[in-house]
Amino acid sequence: MAFLEFQHIRKTFDGFPAVDDVSLEIRKGEIFSLLGPSGCGKTTLLRMCAGFERPTEGRIILNGKDITDLPPNQRKVNTIFQSYALFPHLTIFENIAFGLRVAKRSEAEIHDEVERMLKVMQLKGHERKKPHQISGGQKQRVAIARALVNKPEILLLDEPLAALDLKLRQRMLVELDAIHDEVGITFIMVTHDQTEAMGISDRIAVMNRGKIQQVGRPNEIYEAPTTSFVAAFIGDTNFFVGQVGPADHGDYCRLKIEGFDRVLCYNDKRLKPGQMAYVSVRPEKLRIHAERPEDDPRLNLIPGKVTDVIYEGGRTDYWVDGPGGYRISVTRAHQLFGLDEAPIEWNQAVWLSWHADDGYMLEQYREDDEELLRLPAAPEAGRLAELPDED
Amino acid sequence: MKTEKFQSPRVLEALLTGPGLIWLLVFFLLPTFNVLLISFRPSTLTGGIGEGWTLETFTQLRNPNYPLIVFRTLWVSAWITALCLLFSIPVAYCLARAPARWKTRLLLLIMVPFLTNFIIRVFAWKVILHPEGWVASAFIAVGWMEAGTQLLYNVHAVVLVSVYTYLPFSLLPVYAAAEKFDFTLLEAAMDLGCKRLEAFLKVFVPGISRGVWTATLLVLIPNLGAYVIPDIIGGHRSMMLGNIIARRLFSDRNLPHAAALSSLLTLLVLVPMVVVIFVRRRREAST
């Protein structure tokens, strides 16, 4: 049963919809992430949950109780702010004790609870310091302690790791997970960082333009995106544009892509022949061959020329110029001893193949989303050509 | 030119602060000291300063009227400061939260009246509060006041006009602090269970304490030495230290006595300042 429920939430600012008819069910005890580019409405949704904003339409139900119109101080929900928002004039101890003091708890109780939090968050010895005297990671732990000491039913985290540097971010992610395991309360996290969301969440809602694009477990969202936006926003992918052709092999269909020989695709979206469609193929689903592989009816095969090779030890990233002017990203993991095989090199003619099941057919995305969806910039062919040969 | 002299930051520092320090020494510190010295001189009948040294002026300070006037000066200044802060803090809050395009306009609206000459503004109040002025007439008409009651020439009128005059001096530093305040802290406080007003008092007011202290000094100190407003608005029944000094100087022509009172006033100003600085230092040292 849903623990927290958003029912047809709409929120407009000056007539502009920030959140547009969002319905979501969040289960008790899970880590749920709202993921999307900036301005997609994820933070607005979180702020409505905390009570800082009122939805223009729709209801929010927490544990069977309608909390839509409750002010923040009457919700059993606490927030970790992106900037942590620690009170600069209070010591770490008093920061953590703040909620308990407001609730007029006894001095002994406050002391015990805060001491316990200090211990759990490994902040012993810092309790008399002021926020500006501790590190970023410690500040975040204070923010978490200050929220958890009130025993909220839900902890809201607004870009909790954005203010930390990369190393600390990875450590805090593990720490957040451990804290979640220990306290067992529901976490709702807002983030624009897909690795963060994928790494820690039980489920993710991908948002764009105020709407939910897809809700699911991280691997569902990665492997089976329902929209081309999700496919591009989560991880990297190659898109090929084509026209849906006749059905083939039952649920599969042919796709006419300019310059490609023939492409077979799994048509789970039931796109009709004649429709324009995108097929998304993840870089690691593509295989790169030096020789033309044997024909297989389920295998799609295209020729190409390697334009860039980036060796990263555990894997190699290739950029391949395919037919139809496509610049294709291919990732190859090195599971076997890598020195035995002849390496694929720059400018080499190669074949790329992918299984019909691994191409994901999606409707076209909106043109104005293009900026958000662009693949990591490949080096421009023209600029490379200008560089003098080193050898 | 020997450039190496300027390479030492200390030399450069001394050269840059030097003119200002000399100015303060010659035109502020030395005269203040001179005033203190004069208070130990005897007065002459012609209004001059006599030869030799005496403690006579300080025995004259045991005037039975003086404790009341000193107390009134302190009390009235404290009230003015408190009221200025009471008005400034909420206004600064609203200003800081106002949309950016409104901020400058609103600040201008507050500042523009103060382009008018100070004396004219004080006299304007005299017209407003005059027994036949519109305020008195309105009060009498509504029945809040009996005909013939004076609104002018009492301590309350002095407080009113002084608060009006000094409001910008308290508003500006408080606003400057509020402008830098991180308003997510208020959301955090409400998130942790505070009601709106509680969050305001527990988080916003301590958050702008620097501005509040500055405003306190900026309003309290000039009011301890106030002369014009008590003279024009207050009349003889609400005389303050500043008025007594002026009277000793211009009417009695007793320079040493006026100097002694001045020194007393300087002390009165110095004490709150030193206390504020001390408290601030302690606070900053503890953080």
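Residues numbered from 1 in each chain as written. Chains lettered and ligands numbered in written order. Predicted model: local features only at pLDDT ≥ 70, side-chain atom pairs only at ≥ 80, totals over all residues. Heavy atoms only, no water.

(A) Expanded view of the overall build of chain B. When helices and strands are tallied, chain B shows 14 helices and zero strands. The order of α-helices and β-strands along chain B, N terminus first, is α-α-α-α-α-α-α-α-α-α-α-α-α-α. Here the C-alpha radius of gyration of chain B, 24 Å, is well above what a compact globule of 287 residues would show, namely 19 Å. A burial count over chain B gives 38% of its 287 residues as buried. In chain B, the proportion of contacts linking residues at least 24 apart, taken out of those at least 6 apart, comes to 69%. For chain B, the accessible surface area stands at approximately 17,200 Å², while carbon and sulfur atoms represent 70% of it. For chain B, the distance from the average site of its 25 positive side-chain charges to the average site of its 14 negative ones is 2 Å. (Helix = DSSP H or I, 4+ residues; strand = E, 2+ residues; numbered from the N terminus. Rg over C-alpha atoms; globule rule 2.2 N^0.38 Å. Buried < 20%, exposed > 50% of the residue type's maximum accessible area, 1.4 Å probe, protein only. Contact = heavy atoms within 4.5 Å. Areas by Shrake-Rupley, 256 points an atom, 1.4 Å probe, with all protein chains shown as cover. Lys, Arg positive; Asp, Glu negative; His and termini not counted. Charge placed at Lys NZ, Arg CZ, Asp CG, Glu CD.)

(B) Structural context of the nonpolar core. Ranked by internal contacts, the top residues of the largest apolar core, which has 62 residues, are Leu 45 of chain A together with Phe 204 of chain B. If you tally residues by element for this core, the top one is helix 4 (residues 66-97) of chain B, at six residues. Every residue in contact with Phe 204 of chain B, bar those within four places of it in the chain, is listed here: Ile 89, Tyr 93, Ala 178, Phe 181, Phe 183, Leu 186 and Ala 199 of chain B. (Core = buried A, V, L, I, M, F, W, Y, C linked by side-chain atoms within 4.5 Å.)

(C) Quick peek at the packing of aromatic side chains. Scanning all chains against the criterion turns up 24 aromatic pairs over all chains. Ring centres of Trp 23 of chain B and Phe 27 of chain B lie 4.7 Å apart, and the angle between their planes is 50°; on these two criteria the pair is classed as tilted. With a gap of four residues between them, Trp 23 of chain B and Phe 27 of chain B both fall in helix 2 (residues 9-38), about one helical turn apart. Neither residue differs from the other here; Trp 23 of chain B and Phe 27 of chain B are each classed as exposed. Through pairs of rings, three or more aromatic residues link up here, namely Tyr 93, Phe 181, Phe 183, Phe 200 and Phe 204 of chain B. Positioned above the aromatic ring of Trp 53 of chain B is the side chain of Arg 41 of chain B, whose terminal nitrogen or guanidinium carbon lies 4.1 Å from the ring centre. Sitting over the ring of Phe 98 of chain A, Lys 202 of chain B keeps its end group 5.9 Å from the ring centre. (Phe/Tyr/Trp six-rings, centres within 6.5 Å; stacked < 30°, edge-to-face > 60°. Lys NZ or Arg CZ within 6 Å of the ring centre and 35° of its normal.)

(D) Seen up close, the interface of chain A and chain B. The interface of chain A with chain B comprises 23 residues on the first partner and 17 residues on the second. The junction of chain A with chain B conceals about 1,700 Å² of combined surface from both sides, 61% of it contributed by carbon and sulfur atoms. Put simply, Glu 187 of chain B and Arg 47 of chain A hold a salt bridge, and the shortest N to O gap is 2.6 Å. One can count five residue pairs in polar contact (both at pLDDT 80 or more) joining chain A with chain B. Sorting the residues of the side of chain A that touches chain B by element identifies helix 1 (42-50), strand 6 (77-80) and helix 2 (92-102) of chain A as the ones contributing at least two each. (Buried area = accessible area lost by both parts, 1.4 Å probe. Salt bridge = Lys/Arg side-chain N within 4 Å of Asp/Glu carboxyl O. Polar contact = N/O pair within 3.5 Å; in protein donor to acceptor, adjacent residues only side chain to side chain.)

(E) Here's a closer look at unusual backbone geometry. Residues and elements named next belong to chain A. A positive phi is found at Asp 21, a non-glycine position, where the angle reads about 50°. Following the sequence through the fold, Asp 21 ends up in strand 2 (residues 16-27). On the basis of relative accessible area, Asp 21 is assigned to the partly exposed category, the value being 43%. Backbone geometry at Gln 122 places phi at a positive 55°, although glycine is not the residue there. One can find Gln 122 in the loop between helix 3 (107-120) and helix 4 (136-148).

(F) Quick look at the pairing of strand 9 (residues 203-208) of chain A. All names here are of chain A. The element strand 9 is extensively covered by neighbouring structure, given that six of its six residues are classed as buried. Burial along strand 9 is two-sided: the residues Arg 203, Ala 205 and Met 207 and Ile 204, Val 206 and Asn 208 are all buried. Relative to strand 9, strand 3 (residues 31-35) runs parallel, the two sharing four bridges. Bridging from a neighbouring strand, Ser 33 pairs with Ile 204 of strand 9. In the sheet, strand 9 pairs with strand 10 (residues 211-216) via five bridges, with the strands oriented antiparallel. (Pairing = 2+ DSSP bridges.)

(G) Looking closely at the domain arrangement of chain A. Residue and element names in this part refer to chain A. Domain parsing of chain A yields domain 1 (2-223) and domain 2 (228-386). For domain 1 and domain 2, the distance between their C-alpha centres works out to 38 Å. The interface is formed by 15 residues belonging to domain 1 together with 13 residues belonging to domain 2. Buried surface at the junction of domain 1 and domain 2, both sides included, amounts to about 1,200 Å², of which 59% is carbon and sulfur. Of all residues in domain 1, the largest losses of buried area upon contact with domain 2 belong to Arg 209, Tyr 222 and Glu 223, amounting jointly to 44% of the total for that side. (Domains from an automatic or database assignment.)

(H) Structural view of the confidence of the model for chain A. Residues and elements named next belong to chain A. Averaged over chain A, the pLDDT score is 87; the fraction of residues at 70 or greater is 93%. Mean pLDDT across the elements of chain A ranges from a minimum in helix 10 (residues 381-386), with 39, to a maximum in helix 2, with 96. Throughout residues 375-391 the model reports pLDDT below 50, and contacts reaching past four residues in sequence, or to other chains, amount to 13 contacts. (pLDDT = per-residue confidence, 0-100.)

(I) Structural context of the sheet that holds strand 16 (residues 299-311) of chain A. All names here are of chain A. Spatially, the five strands line up as an open sheet ordered 15-19-16-17-18, and their pairing is antiparallel. Here the strands that pair on one side only, and so sit at the sheet edges, are strand 15 (287-289) and strand 18 (327-333). Adjacent strand axes in the sheet meet at a mean angle of 45° when their direction is disregarded. Pairing analysis gives three bridges linking strand 15 to strand 19 (residues 349-355), with the strands arranged antiparallel. Residue pairing in the sheet places Ile 288 in a bridge with Leu 352 of strand 19. (Axes fitted to C-alpha atoms, helices over the stretch in contact; angles between N-to-C directions.)

(J) Quick peek at helix 5 (residues 166-183) of chain A. Residues and elements named next belong to chain A. Taking 1.5 Å as the rise per residue, helix 5 with 18 residues should run 26 Å; its terminal C-alpha atoms sit 26 Å apart, in good agreement. Here helix 5 has its buried residues at Leu 168, Met 172, Leu 173, Leu 176, Ile 179 and His 180. Taken down its axis, helix 5 places every buried residue within 145° of arc, on the same side. Along helix 5, exposed side chains directed more than 90 degrees from the buried face belong to Lys 167, Val 174, Asp 181 and Glu 182. Close packing links the buried residues of helix 5 with strand 3, helix 4, strand 7 (154-158), strand 8 (186-191) and helix 6 (194-200). Just beyond helix 5, the residue with positive phi is Gly 184, at close to 70°. (Expected span 1.5 Å × (residues − 1). Arc of directions from axis to C-beta.)

(K) Quick peek at the sheet that holds strand 1 (residues 2-13) of chain A. Residue and element names in this part refer to chain A. Reading across from one edge, 2-1-4-5 is the order of the four strands in this open sheet, with antiparallel pairing throughout. The two strands at the open ends of the sheet, each matched to only one other strand, are strand 2 and strand 5 (65-66). Bridge count for strand 4 (residues 57-62) against strand 5 is two bridges, and the pairing is antiparallel. Its bridge partner being in strand 5, Leu 62 is matched across the sheet by Lys 65. Sitting on the sheet, helix 1 touches strand 1, strand 2 and strand 4, and the angle it makes with strand 1 is about 120°.

(L) Examining the packing of helix 2 of chain A against helix 4 of chain A more closely. Residues and elements named next belong to chain A. The interhelical angle for the contact between helix 2 and helix 4, taken along N-to-C directions, is 30°, at an axis separation of 7 Å. Compared by their axis directions, helix 2 and helix 4 come out roughly parallel. For the crossing formed where helix 2 meets helix 4, the hand is right-handed. Contacts between helix 2 and helix 4 involve Ile 92, Asn 95 and Ile 96 from the former and Val 142, Ala 145 and Arg 146 from the latter. Across the contact of helix 2 with helix 4, the residue classes break down as four nonpolar, one polar and one charged. (Parallel < 35°, antiparallel > 145°, perpendicular 65-115°, else oblique. Left-handed = near helix turned anticlockwise from the far one by under 90°. Nonpolar A, V, L, I, M, F, W, Y, C, P; charged D, E, K, R; others polar.)

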